[in-house]
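Report on the structure
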Amino acid sequence: MSKDAKYIVRLTVAERQHLLDLISTGKRAASVLARARILLKADAGERGPGLSDAAVARAVESSESTVHRVRQAFVEQGWDAALFRKKPSNRQYRKLDGAQEARLVALACSQPPAGRARWTLKLLADRLVRLEVVDSISPECVRMTLKKTTSSRGCNSSG
């Protein structure tokens, strides 16, 4: 059994017309238009060609895996999932606000701890927690925050 047989796209006349209208206006993102073309070529209904994944991929100049994913999304989740990309669900919010960033930069520009030539990212992260600037912070977050500023860790001048 081919992987095409598991996800059979059958469009109604109205759905087919909607996709044709969408493509003819061309007022959507290229990815949406490409997915619409994939659905039209993969349609196994009475008006569709019902092509295999490989044939659809060649016809719309896409990869077979993309065709497979569009078929699967249409069959399992419906119209919108097949045409439109899903919104990112793992949005990362900023760990530090402006005042906390200022404290971090000031700390990074200050004298390093005794016995150290310069601040390390881990030392800065640990010191921010000890000073109760934040509850917790990773050295990577410290790095990204300092990367945005013009300051240089461990140097007296920032130019």
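Below, the structure is looked at part by part. Remember, predicted model here, so these are calculated numbers, not experimental data. (Residues numbered from 1 in each chain as written. Predicted model: local features only at pLDDT ≥ 70, side-chain atom pairs only at ≥ 80, totals over all residues. Heavy atoms only, no water.)

Let's shift gears to the overall build of the protein chain. Secondary structure assignment for the protein chain yields nine helices and zero strands. Mapped in sequence order, the helices and strands of the protein chain form the string α-α-α-α-α-α-α-α-α. What you see for the protein chain is a C-alpha radius of gyration of 27 Å, clearly larger than the 15 Å of a compact globule of 159 residues, by over 25%. Its C-alpha atoms give the protein chain principal-axis dimensions of about 80 × 35 × 25 Å. Residues counted as buried form 32% of the 159 residues belonging to the protein chain. Residue pairs at least 24 apart in sequence account for 52% of intrachain contacts in the protein chain once pairs closer than 6 positions are excluded. A total of about 10500 Å² of accessible surface is found on the protein chain, and carbon and sulfur atoms cover 49% of it. (Helix = DSSP H or I, 4+ residues; strand = E, 2+ residues; numbered from the N terminus. Rg over C-alpha atoms; globule rule 2.2 N^0.38 Å. Buried < 20%, exposed > 50% of the residue type's maximum accessible area, 1.4 Å probe, protein only. Contact = heavy atoms within 4.5 Å. Areas by Shrake-Rupley, 256 points an atom, 1.4 Å probe, with all protein chains shown as cover.)

Here we take up helix α7 (residues 98-109). Here α7 is twelve residues long and its end C-alpha atoms lie 16 Å apart, about the 16 Å a rise of 1.5 Å per residue gives. If you check which residues of α7 are buried, you get Gln100, Glu101, Leu104, Leu107 and Ala108. Projected down its long axis, α7 carries its buried residues within an arc of 125°, all on one side. In α7, those exposed residues whose orientation departs by more than 90 degrees from the buried face are Gly98 and Ala99. Buried residues along α7 sit in contact with α8 (121-130) and α9 (139-148). (Expected span 1.5 Å × (residues − 1). Arc of directions from axis to C-beta.)

For the pair α7 and α9, interaxial distance at closest approach is 10 Å and the crossing angle is 85°. Between α7 and α9, the angle falls in the class roughly perpendicular. Contacts from Glu101, Leu104, Val105 and Ala108 in α7 reach Val142, Thr145, Leu146 and Lys148 in α9. In terms of residue class, the contact of α7 with α9 is built from five nonpolar, one polar and two charged. (Axes fitted to C-alpha atoms, helices over the stretch in contact; angles between N-to-C directions. Parallel < 35°, antiparallel > 145°, perpendicular 65-115°, else oblique. Nonpolar A, V, L, I, M, F, W, Y, C, P; charged D, E, K, R; others polar.)

A separate point is the layout of surface pockets. What the largest pocket holds in volume is close to 270 Å³. Lining the largest pocket are Arg35, Thr66, Arg69, Val70, Gln72, Ala73, Glu76, Gln77, Ala81, Phe84, Arg85 and Lys86. Sort the elements by how many residues they give to the lining of the largest pocket and helix α5 (residues 64-77) lands first, with seven residues. Classifying every residue of the lining of the largest pocket by side-chain character gives four nonpolar, three polar and five charged. Quantified by volume, the second largest pocket comes out at close to 190 Å³. Together, Gln92, Tyr93, Arg94, Lys95, Leu96, Glu101, Cys141, Met144, Thr145 and Lys148 line the second largest pocket. (1 Å grid on protein atoms, 1.4 Å probe; cavity = no way out; pocket = protein on both sides within 12 Å on 5 of 7 lines; lining within 4 Å. Points joined across faces, edges and corners; volume = space filled by probe spheres on them.)

Take the packing of helix α3 (residues 30-42) against α5 next. Viewed as axis vectors pointing N to C, α3 and α5 meet at an angle of 80°, and their least axial separation amounts to 10 Å. Put simply, α3 runs roughly perpendicular to α5. Where α3 approaches α5, its residues Arg35, Ile38, Leu39 and Ala42 are matched on the opposing element by Thr66, Val67, Val70, Arg71 and Phe74. Looking at the contact of α3 with α5, its residues break down into six nonpolar, one polar and two charged.

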